[in-house]
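# Notes for the structure review
Now for the letters of each chain:
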Amino acid sequence: MPPPLRGTLVVDLTRYLPGPFATRELLRLGARVVHVEPPGGDPMRAVDPEWFAELNAGKESVVCDRKAEPQLGRALCDRADVVVEGFRPGVARRLGLEPGPRTVWCSISGFGSGNRHEQRAGHDLNYLGWAGVLATAPAMPPLTIADYAGGFAAVREVLAGLLARERNGRGSRIEVSLTHESARLAAPPVLTGDAACYRIYGTADGRFLTVAALEPRFWDRLCELVGLPELAGRGYERELPELEARLRERTLAEWLELFDGEDVCAGPVAAPAEAAEFQAAPEGNASPLGEHTEAWREELAA
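These notes cover the structure that comes with them. (Residues numbered from 1 in each chain as written. Predicted model: local features only at pLDDT ≥ 70, side-chain atom pairs only at ≥ 80, totals over all residues. Heavy atoms only, no water.)

### A few points about a nonpolar patch on the surface
Where we set the bar: Patch criteria: residues need more than 30% relative accessible area and no salt bridge. Like-charged residues are merged within 9 Å; nonpolar side chains of Val, Leu, Ile, Met, Phe, Trp and Tyr are merged within 5 Å. Here the accessible surface of atoms and residues is derived via Shrake-Rupley with a 1.4 Å probe, and residues count as covered only by protein chains that are part of the display. Any carboxyl oxygen of Asp or Glu within 4 Å of a side-chain nitrogen of Lys or Arg constitutes a salt bridge here. Runs of E in the DSSP output that reach at least two residues are strands. Runs of H or I that reach at least four are helices, and both are numbered from the N terminus. When a residue's accessible area, from a 1.4 Å probe over protein chains only, is under 20% of the maximum for its type it is buried; when over 50% it is exposed; and in between it is partly exposed.
Judged by side-chain polarity, L143, I145 and L185 come together as a nonpolar surface patch covering roughly 250 Å² of accessible area. Looking at the element boundaries, I145 is found in helix α7 (residues 145–168). Taking relative accessible area as the criterion, I145 reaches 30% and is therefore assigned partly exposed.

This is the structure in C-alpha coordinates:
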(Lines give C-alpha, C1' and ligand atoms only; values in the text may rest on other atoms or scores of the structure.)
Protein backbone atom coordinates (compact mmCIF):
# COMPACT_ATOMS: atom_id res chain seq x y z
CA MET A 1 0.00 0.00 0.00
CA PRO A 2 1.23 3.54 -0.71
CA PRO A 3 1.72 5.73 2.39
CA PRO A 4 -1.70 7.14 3.36
CA LEU A 5 -0.56 10.78 3.28
CA ARG A 6 1.37 10.62 0.01
CA GLY A 7 0.71 13.84 -1.92
CA THR A 8 -0.16 15.79 1.24
CA LEU A 9 1.89 18.96 1.77
CA VAL A 10 2.48 19.89 5.41
CA VAL A 11 4.00 23.27 6.31
CA ASP A 12 5.52 23.29 9.79
CA LEU A 13 5.89 26.75 11.34
CA THR A 14 6.78 25.42 14.81
CA ARG A 15 9.97 25.13 16.84
CA TYR A 16 11.42 22.97 19.61
CA LEU A 17 9.47 19.73 20.18
CA PRO A 18 5.65 19.42 20.03
CA GLY A 19 5.11 20.64 16.45
CA PRO A 20 8.21 19.01 14.93
CA PHE A 21 7.28 15.75 16.68
CA ALA A 22 3.78 15.92 15.19
CA THR A 23 5.01 16.68 11.69
CA ARG A 24 7.61 13.92 11.95
CA GLU A 25 4.74 11.49 12.50
CA LEU A 26 2.89 12.94 9.50
CA LEU A 27 6.11 12.52 7.49
CA ARG A 28 6.23 8.87 8.48
CA LEU A 29 2.71 8.52 7.13
CA GLY A 30 3.91 9.76 3.75
CA ALA A 31 3.38 13.53 3.88
CA ARG A 32 5.84 16.00 2.36
CA VAL A 33 6.89 18.28 5.21
CA VAL A 34 8.42 21.74 4.82
CA HIS A 35 9.92 23.12 8.01
CA VAL A 36 9.86 26.93 7.86
CA GLU A 37 12.62 28.32 10.06
CA PRO A 38 13.69 31.85 11.03
CA PRO A 39 17.06 33.10 9.69
CA GLY A 40 18.86 31.79 12.77
CA GLY A 41 17.16 28.40 12.49
CA ASP A 42 14.98 26.48 14.91
CA PRO A 43 16.65 26.98 18.34
CA MET A 44 16.66 23.20 18.76
CA ARG A 45 19.45 23.03 16.17
CA ALA A 46 21.78 24.54 18.78
CA VAL A 47 20.17 23.25 21.96
CA ASP A 48 20.37 19.57 20.96
CA PRO A 49 21.58 18.89 17.39
CA GLU A 50 21.09 15.14 17.67
CA TRP A 51 17.52 15.46 18.85
CA PHE A 52 16.84 18.09 16.20
CA ALA A 53 18.03 15.64 13.57
CA GLU A 54 15.84 12.90 15.03
CA LEU A 55 12.78 15.14 14.81
CA ASN A 56 13.49 16.69 11.42
CA ALA A 57 15.23 14.12 9.24
CA GLY A 58 13.50 13.92 5.89
CA LYS A 59 11.87 17.35 6.09
CA GLU A 60 12.67 20.22 3.77
CA SER A 61 14.11 23.39 5.35
CA VAL A 62 13.02 26.82 4.16
CA VAL A 63 14.36 29.99 5.80
CA CYS A 64 11.81 32.78 6.03
CA ASP A 65 12.29 36.17 7.64
CA ARG A 66 8.64 36.87 8.38
CA LYS A 67 9.22 40.62 8.66
CA ALA A 68 11.45 41.09 5.60
CA GLU A 69 9.75 38.50 3.38
CA PRO A 70 6.25 37.83 4.73
CA GLN A 71 4.93 36.78 1.34
CA LEU A 72 7.05 33.61 1.32
CA GLY A 73 5.44 32.24 4.45
CA ARG A 74 1.98 33.23 3.26
CA ALA A 75 2.50 31.59 -0.12
CA LEU A 76 3.67 28.36 1.49
CA CYS A 77 0.64 28.32 3.77
CA ASP A 78 -1.64 28.96 0.79
CA ARG A 79 -0.14 25.96 -1.01
CA ALA A 80 -0.29 23.63 1.99
CA ASP A 81 -2.85 20.95 2.75
CA VAL A 82 -1.89 21.13 6.42
CA VAL A 83 -0.28 23.95 8.43
CA VAL A 84 1.01 23.33 11.95
CA GLU A 85 1.92 26.45 13.91
CA GLY A 86 2.94 27.06 17.50
CA PHE A 87 2.39 30.79 18.00
CA ARG A 88 0.50 32.21 20.95
CA PRO A 89 -3.17 32.77 20.12
CA GLY A 90 -3.66 35.65 17.69
CA VAL A 91 -0.05 35.89 16.47
CA ALA A 92 -0.54 33.97 13.22
CA ARG A 93 -3.37 36.28 12.21
CA ARG A 94 -1.27 39.38 12.99
CA LEU A 95 1.44 37.94 10.72
CA GLY A 96 -1.08 37.64 7.93
CA LEU A 97 -1.04 33.85 8.03
CA GLU A 98 -4.53 32.51 7.36
CA PRO A 99 -5.84 29.13 6.26
CA GLY A 100 -7.24 28.66 2.80
CA PRO A 101 -10.67 27.10 2.26
CA ARG A 102 -9.21 23.56 2.09
CA THR A 103 -6.41 23.97 4.63
CA VAL A 104 -6.34 21.90 7.81
CA TRP A 105 -4.80 24.45 10.18
CA CYS A 106 -3.49 23.15 13.51
CA SER A 107 -2.54 25.63 16.24
CA ILE A 108 -0.49 24.25 19.14
CA SER A 109 -0.26 26.50 22.19
CA GLY A 110 0.48 26.17 25.86
CA PHE A 111 -2.97 26.88 27.25
CA GLY A 112 -5.36 27.19 24.31
CA SER A 113 -7.40 30.33 23.70
CA GLY A 114 -10.35 32.02 25.34
CA ASN A 115 -9.06 31.68 28.88
CA ARG A 116 -7.02 33.81 31.28
CA HIS A 117 -3.84 31.84 30.53
CA GLU A 118 -3.87 32.11 26.72
CA GLN A 119 -0.94 34.58 26.54
CA ARG A 120 1.04 33.01 29.37
CA ALA A 121 4.60 31.92 28.48
CA GLY A 122 5.66 28.40 29.34
CA HIS A 123 7.32 25.15 28.44
CA ASP A 124 6.65 21.50 29.16
CA LEU A 125 7.39 21.58 32.90
CA ASN A 126 5.09 24.57 33.41
CA TYR A 127 2.23 22.92 31.55
CA LEU A 128 2.55 19.75 33.61
CA GLY A 129 2.51 21.75 36.82
CA TRP A 130 -0.59 23.71 35.81
CA ALA A 131 -2.29 20.49 34.67
CA GLY A 132 -1.89 18.88 38.10
CA VAL A 133 -0.07 15.83 36.81
CA LEU A 134 3.46 16.46 38.07
CA ALA A 135 3.33 13.70 40.64
CA THR A 136 7.12 13.28 40.48
CA ALA A 137 7.78 16.66 42.12
CA PRO A 138 10.33 17.73 43.17
CA ALA A 139 12.02 15.17 40.91
CA MET A 140 12.04 16.00 37.22
CA PRO A 141 9.87 13.82 34.96
CA PRO A 142 11.91 11.52 32.71
CA LEU A 143 10.42 12.88 29.49
CA THR A 144 8.61 15.97 28.23
CA ILE A 145 5.12 14.58 28.66
CA ALA A 146 3.18 17.70 27.70
CA ASP A 147 5.15 18.11 24.48
CA TYR A 148 4.46 14.55 23.41
CA ALA A 149 0.83 14.67 24.53
CA GLY A 150 0.34 17.79 22.44
CA GLY A 151 2.23 16.34 19.49
CA PHE A 152 0.13 13.19 19.42
CA ALA A 153 -3.03 15.27 19.80
CA ALA A 154 -1.99 17.40 16.82
CA VAL A 155 -1.50 14.28 14.67
CA ARG A 156 -4.87 12.94 15.77
CA GLU A 157 -6.70 16.17 14.99
CA VAL A 158 -4.91 16.73 11.66
CA LEU A 159 -5.82 13.25 10.46
CA ALA A 160 -9.43 13.82 11.51
CA GLY A 161 -9.39 17.14 9.66
CA LEU A 162 -8.06 15.54 6.49
CA LEU A 163 -10.68 12.80 6.70
CA ALA A 164 -13.44 15.39 7.11
CA ARG A 165 -12.08 17.31 4.11
CA GLU A 166 -12.37 14.20 1.98
CA ARG A 167 -16.05 14.12 2.84
CA ASN A 168 -17.04 17.78 2.68
CA GLY A 169 -14.25 19.46 0.69
CA ARG A 170 -13.57 22.01 3.41
CA GLY A 171 -10.55 22.66 5.60
CA SER A 172 -10.74 23.24 9.34
CA ARG A 173 -9.17 25.06 12.25
CA ILE A 174 -7.77 22.89 15.02
CA GLU A 175 -6.53 24.02 18.42
CA VAL A 176 -4.34 21.88 20.66
CA SER A 177 -3.50 22.99 24.21
CA LEU A 178 -0.47 21.32 25.76
CA THR A 179 -1.81 21.88 29.27
CA HIS A 180 -5.29 20.55 28.53
CA GLU A 181 -3.89 17.49 26.75
CA SER A 182 -1.61 16.83 29.74
CA ALA A 183 -4.56 17.02 32.14
CA ARG A 184 -6.33 14.37 30.07
CA LEU A 185 -3.49 11.98 30.90
CA ALA A 186 -3.99 12.19 34.65
CA ALA A 187 -3.90 8.69 36.14
CA PRO A 188 -5.98 7.35 39.05
CA PRO A 189 -4.19 7.19 42.44
CA VAL A 190 -3.76 3.42 42.25
CA LEU A 191 -1.45 3.95 39.24
CA THR A 192 0.63 6.68 40.88
CA GLY A 193 1.91 4.95 43.99
CA ASP A 194 -1.11 4.28 46.18
CA ALA A 195 -0.92 0.49 45.84
CA ALA A 196 1.94 -1.89 46.60
CA CYS A 197 1.14 -3.95 43.51
CA TYR A 198 1.93 -0.98 41.23
CA ARG A 199 5.20 0.55 42.30
CA ILE A 200 8.94 0.84 41.68
CA TYR A 201 11.13 -1.03 44.16
CA GLY A 202 14.83 -0.82 44.93
CA THR A 203 17.12 -3.83 44.59
CA ALA A 204 20.38 -4.88 46.26
CA ASP A 205 22.62 -3.27 43.62
CA GLY A 206 20.97 0.15 43.71
CA ARG A 207 18.88 -0.59 40.62
CA PHE A 208 15.09 -0.54 40.41
CA LEU A 209 12.40 -3.09 39.59
CA THR A 210 8.96 -2.16 38.22
CA VAL A 211 6.03 -4.11 39.63
CA ALA A 212 2.65 -3.65 37.93
CA ALA A 213 0.81 -6.76 39.12
CA LEU A 214 -2.69 -5.27 39.18
CA GLU A 215 -4.50 -8.56 38.56
CA PRO A 216 -4.67 -10.89 41.59
CA ARG A 217 -3.17 -13.87 39.72
CA PHE A 218 -0.09 -11.82 38.74
CA TRP A 219 0.30 -10.45 42.26
CA ASP A 220 -0.17 -13.77 44.00
CA ARG A 221 2.38 -15.48 41.74
CA LEU A 222 4.91 -12.72 42.37
CA CYS A 223 4.45 -13.17 46.12
CA GLU A 224 5.06 -16.91 45.76
CA LEU A 225 8.24 -16.40 43.75
CA VAL A 226 9.77 -13.91 46.20
CA GLY A 227 8.94 -16.22 49.11
CA LEU A 228 6.15 -14.14 50.67
CA PRO A 229 2.98 -16.14 49.90
CA GLU A 230 1.30 -14.59 52.93
CA LEU A 231 1.04 -11.30 50.99
CA ALA A 232 -1.38 -12.85 48.47
CA GLY A 233 -4.53 -10.77 48.20
CA ARG A 234 -2.89 -7.69 49.75
CA GLY A 235 -1.59 -5.99 46.63
CA TYR A 236 -3.83 -2.95 47.00
CA GLU A 237 -2.52 -2.05 50.42
CA ARG A 238 -0.49 1.13 50.34
CA GLU A 239 2.63 -0.08 52.15
CA LEU A 240 4.12 -3.57 52.41
CA PRO A 241 7.51 -3.10 54.12
CA GLU A 242 8.26 -6.81 54.03
CA LEU A 243 8.09 -6.80 50.23
CA GLU A 244 10.35 -3.76 50.00
CA ALA A 245 12.87 -5.47 52.27
CA ARG A 246 12.72 -8.75 50.36
CA LEU A 247 13.30 -7.12 46.97
CA ARG A 248 16.40 -5.38 48.35
CA GLU A 249 17.97 -8.75 49.11
CA ARG A 250 18.86 -9.55 45.48
CA THR A 251 20.19 -7.66 42.49
CA LEU A 252 18.00 -6.53 39.64
CA ALA A 253 19.53 -9.14 37.35
CA GLU A 254 18.78 -11.90 39.86
CA TRP A 255 15.14 -10.88 40.15
CA LEU A 256 14.77 -10.63 36.39
CA GLU A 257 16.18 -14.12 35.99
CA LEU A 258 13.75 -15.45 38.59
CA PHE A 259 10.76 -13.76 36.94
CA ASP A 260 11.71 -14.66 33.37
CA GLY A 261 8.88 -16.61 31.77
CA GLU A 262 6.52 -15.98 34.69
CA ASP A 263 3.25 -14.01 34.53
CA VAL A 264 4.15 -11.48 37.21
CA CYS A 265 4.21 -8.07 35.43
CA ALA A 266 7.67 -7.15 36.65
CA GLY A 267 10.59 -5.62 34.80
CA PRO A 268 13.63 -3.35 35.00
CA VAL A 269 14.09 0.39 35.07
CA ALA A 270 16.41 0.12 32.10
CA ALA A 271 19.12 2.58 31.20
CA PRO A 272 18.82 4.06 27.69
CA ALA A 273 21.58 1.79 26.37
CA GLU A 274 19.81 -1.26 27.76
CA ALA A 275 16.58 -0.26 26.02
CA ALA A 276 18.16 -0.19 22.57
CA GLU A 277 16.11 -3.14 21.33
CA PHE A 278 12.96 -1.03 21.62
CA GLN A 279 14.35 2.15 20.06
CA ALA A 280 13.79 3.02 16.41
CA ALA A 281 16.88 3.35 14.27
CA PRO A 282 17.82 6.91 13.23
CA GLU A 283 16.26 7.90 9.91
CA GLY A 284 19.06 10.12 8.59
CA ASN A 285 20.13 13.70 9.08
CA ALA A 286 18.08 16.87 9.13
CA SER A 287 18.34 19.16 6.11
CA PRO A 288 20.89 21.98 6.38
CA LEU A 289 19.25 25.26 7.36
CA GLY A 290 17.51 26.78 4.36
CA GLU A 291 18.53 24.07 1.89
CA HIS A 292 15.17 24.19 0.08
CA THR A 293 14.46 27.93 0.27
CA GLU A 294 15.39 28.86 -3.30
CA ALA A 295 13.66 25.82 -4.77
CA TRP A 296 10.44 26.80 -3.03
CA ARG A 297 10.75 30.42 -4.14
CA GLU A 298 10.96 29.19 -7.72
CA GLU A 299 8.09 26.74 -7.31
CA LEU A 300 5.81 29.33 -5.70
CA ALA A 301 6.61 31.89 -8.39
CA ALA A 302 5.84 29.47 -11.24
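### A short note on the sheet that holds strand β3 (residues 60–63)
Basically, it comes down to this: Only when DSSP finds a minimum of two bridges between them are two strands counted as paired. Angular values range over 0 to 180 degrees, each being the angle between N-to-C directions of two axes fitted as lines to C-alpha atoms, with helices fitted over their stretch in contact. Residues count as neighbours in contact if any of their non-hydrogen atoms are within 4.5 Å of one another.
Pairing in this open sheet of six strands is parallel, and the strands run β3-β2-β1-β4-β5-β6 from one edge to the other. What marks the edges here is a single partner per strand, and that holds for β3 and β6 (172–177). With strand direction ignored, the average angle separating the axes of adjacent strands in the sheet is 20 degrees. Relative to strand β5 (residues 104–109), strand β4 (residues 82–85) is paired through four bridges, and the arrangement is parallel. In the sheet register, E85 faces β5, and the bridge partner there is S107. Across the sheet, helix α4 (residues 70–79) touches β1 (9–12), β2 (32–37), β3, β4 and β5, and the angle it forms with β3 is around 145 degrees. Running at roughly 165 degrees to β6, α7 makes contact with β4, β5 and β6 of the sheet.

### Considerations on the pattern of salt bridges
What the rule picks out here adds up to 25 salt bridges. Across the pair R173 and E98 runs a salt bridge, and its minimum N-O distance is 2.9 Å. Of this pair, R173 sits in strand β6 while E98 sits in the loop between α5 (91–94) and β5, placing them 75 residues apart in sequence. Given the relative accessible area of 32%, E98 is considered partly exposed. With a shortest N-O distance of 2.8 Å, R234 and E237 are connected by a salt bridge. Look at R234 and you get partly exposed, because its relative accessible area is 28%. Several salt bridges share partner residues, and in doing so they unite R24, E25, R28 and E54 into one network.

### Remarks on empty space enclosed by the protein
Applied cut-off: A cavity here means a set of 1 Å grid points, computed over protein atoms only, where a 1.4 Å probe fits but cannot escape. A pocket is an open set with protein on both sides within 12 Å along at least 5 of 7 lines, and lining residues have an atom within 4 Å of a point. Grid points are joined across faces, edges and corners, and a volume is the space filled by probe spheres set on the points. Put simply, Ala, Val, Leu, Ile, Met, Phe, Trp, Tyr, Cys and Pro go in the nonpolar bin, Asp, Glu, Lys and Arg in the charged bin, and everything else, Gly too, in the polar bin.
This model, assessed by the stated rule, comprises two cavities of 30 Å³ or more. Empty space within the largest cavity amounts to approximately 60 Å³. As for the largest cavity, its lining consists of L13, C64, R66, P70, G73, R74, L95 and L97. Among the residues forming the lining of the largest cavity, the class breakdown is five nonpolar, one polar and two charged. Of the volumes computed, that of the second largest cavity is approximately 40 Å³. If you trace the second largest cavity, you find it lined by H35, E37, R45, F52, N56, K59, E60, S61, A286 and S287.

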